[in-house]
Amino acid sequence: MTSTDPNPVVTVPPHASRIRTFHPRRGRMTGRQVDTLDRLWSAYGLTVSDDPAAPVDLAALFGRRAPIVLEIGSGMGDATAAMAADDPGRDYLAVEVHTPGIANLLGLVERLGLGNVRVARGDALDLVRALPDGSLDAVHVFFPDPWPKSRHHKRRIIQPAHVALLRSRLATGGTLHCATDWAEYAESMRETLTADPGLVDVHGGYASRPAHRPVTKFERRALTAGRPVFDLVHRRA
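Residues numbered from 1 in each chain as written. Predicted model: local features only at pLDDT ≥ 70, side-chain atom pairs only at ≥ 80, totals over all residues. Heavy atoms only, no water.

Visitor: What am I meant to see in the nonpolar core here?
Guide: The nonpolar side chains of a soluble globular protein tend to be buried with one another. Ranked by internal contacts, the top residues of the largest apolar core, which has 34 residues, are Leu70, Ile72, Leu127, Val139 and Leu176. Sorting elements by how many residues they give to this core places helix α5 (residues 124–129) first, with four residues. When residues no more than four places from it in sequence are discounted, the contact partners of valine 139 are Leu70, Ile72, Leu166, Leu170, Thr175, Leu176 and His177. The next biggest cluster of nonpolar side chains, apart from the first, holds 23 residues, and it includes Val69, Ala79, Val117 and Phe142. (Core = buried A, V, L, I, M, F, W, Y, C linked by side-chain atoms within 4.5 Å. Buried < 20%, exposed > 50% of the residue type's maximum accessible area, 1.4 Å probe, protein only. Helix = DSSP H or I, 4+ residues; strand = E, 2+ residues; numbered from the N terminus. Contact = heavy atoms within 4.5 Å.)

Given below as structure tokens:
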């Protein structure tokens, strides 16, 4: 029998869920970062569980009910902190695996007095699986690892099964915003997002950088090296 669900979720085989979409990176922590992590983690941090029976209560995490933006791969956190500071009506949940970056974002949260930011440590896809359907106002995937070698493309976060999962967590009208400076990955992203039956291309192709997305140091380096940046914005129908 043919399914009538216009927004199907693609089931990920058990073995596929063990394929990591990130490089576990070990970075040396400064004394200040260690202190920041020790002081602020209990108030602003969330350890991602790989147990699907451990759902995340977003209202309890933030202490209020507000639209949620999920930042996948927040890096050093500068862009996340800037967007959250300019957007106090929404809550920002950043997920990262690089501990110095997590500590740096926590320091920015403290310095800027950002009550609308929480930082999760662990696999972004495990976190997404623990979120309720329709619970997110936006998902940002800015400059994910491009995994440029063909044999590593299976590790890319923007692929059909992952996009279906991300879309299922968006509320109707919520947006999935991706950006990359790798032209080949940008085209792969565009094809994958366009093919998802529950997403609508907001700009009919690549978009100009939205004003709300800050230009990071990483992006400036890409532009200096002559690599154009591609933005894609799709909305859940």
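Back to the text.
Visitor: What exactly am I supposed to notice about helix α1 (residues 31–44) here?
Guide: Three or four residues apart is the spacing at which side chains of an α-helix point the same way, because the helix has 3.6 residues per turn. With 14 residues, α1 ought to run about 20 Å at 1.5 Å a step, and its terminal C-alpha atoms sit 19 Å apart, in line with that. Along α1, the sharpest change in direction is near 35° and occurs at aspartate 38. Residues of α1 that are buried: Gln33, Thr36, Leu37, Leu40 and Trp41. The inward-facing, buried residues of α1 contact β1 (45–47), α4 (99–112) and β4 (117–121). (Expected span 1.5 Å × (residues − 1). Bend = angle between axes of the 7 residues up to and from the residue.)

Visitor: Just checking my understanding: could you explain the side chain of arginine 156 for this structure?
Guide: As for its position among the elements, arginine 156 is in the loop between β5 (136–142) and α6 (160–169). A polar side-chain atom of arginine 156 sits 2.6 Å from the main-chain carbonyl oxygen of proline 146. A distance of 2.6 Å separates the side chain of arginine 156 from the side chain of glutamate 184, its partner in a polar contact. (Polar contact = N/O pair within 3.5 Å; in protein donor to acceptor, adjacent residues only side chain to side chain.)

Visitor: Mind showing me how you'd approach unusual backbone geometry here?
Guide: Peptide bonds are mostly trans, and most non-glycine residues show a negative phi. Despite not being glycine, phenylalanine 143 shows a phi value in the positive range, around 55°. The residue phenylalanine 143 is located in the loop between β5 and α6 in this model. Of the residues examined, phenylalanine 143 reaches a relative accessible area of 16% and is grouped as buried.

Visitor: Mind showing me how you'd approach the pairing of β4 here?
Guide: Consecutive side chains along a regular strand alternate between the two faces of the sheet. Most of β4 is tucked away, with four of its five residues classed as buried. Relative to β4, β1 is paired through three bridges, and the arrangement is parallel. Bridge assignment links glycine 45 to a residue of β4, and that residue is valine 119. Of the pairings in the sheet, the one linking strand β3 (residues 91–96) to β4 comprises five bridges and is parallel in character. Across the sheet, residue glutamate 96 finds its bridge partner in β4, namely arginine 121. Taking the sense of rotation as the criterion, the β-α-β connection linking β3, α4 and β4 turns out right-handed. (Pairing = 2+ DSSP bridges. Right-handed = clockwise from strand over helix to strand, strands pointing away.)

Visitor: How should the packing of aromatic side chains be read in this particular structure?
Guide: Geometry of an aromatic ring pair is reported as the spacing of the ring centres plus the angle between the planes. Tallied over the full model, the rule gives two aromatic pairs. Summarising the aromatic geometry, the rings of tyrosine 206 and phenylalanine 230 are spaced 5.0 Å apart at their centres and angled 55° between planes, so their arrangement reads as tilted. In this pair, tyrosine 206 sits in the loop between β7 (199–201) and α8 (217–224) while phenylalanine 230 sits in strand β8 (residues 230–236), placing the two residues 24 residues apart along the sequence. Take phenylalanine 230: its relative accessible area is 16%, and that puts it in the buried class. Directly above the ring of tyrosine 185 sits arginine 156, whose terminal nitrogen or CZ lies 4.3 Å from the centroid. (Phe/Tyr/Trp six-rings, centres within 6.5 Å; stacked < 30°, edge-to-face > 60°. Lys NZ or Arg CZ within 6 Å of the ring centre and 35° of its normal.)

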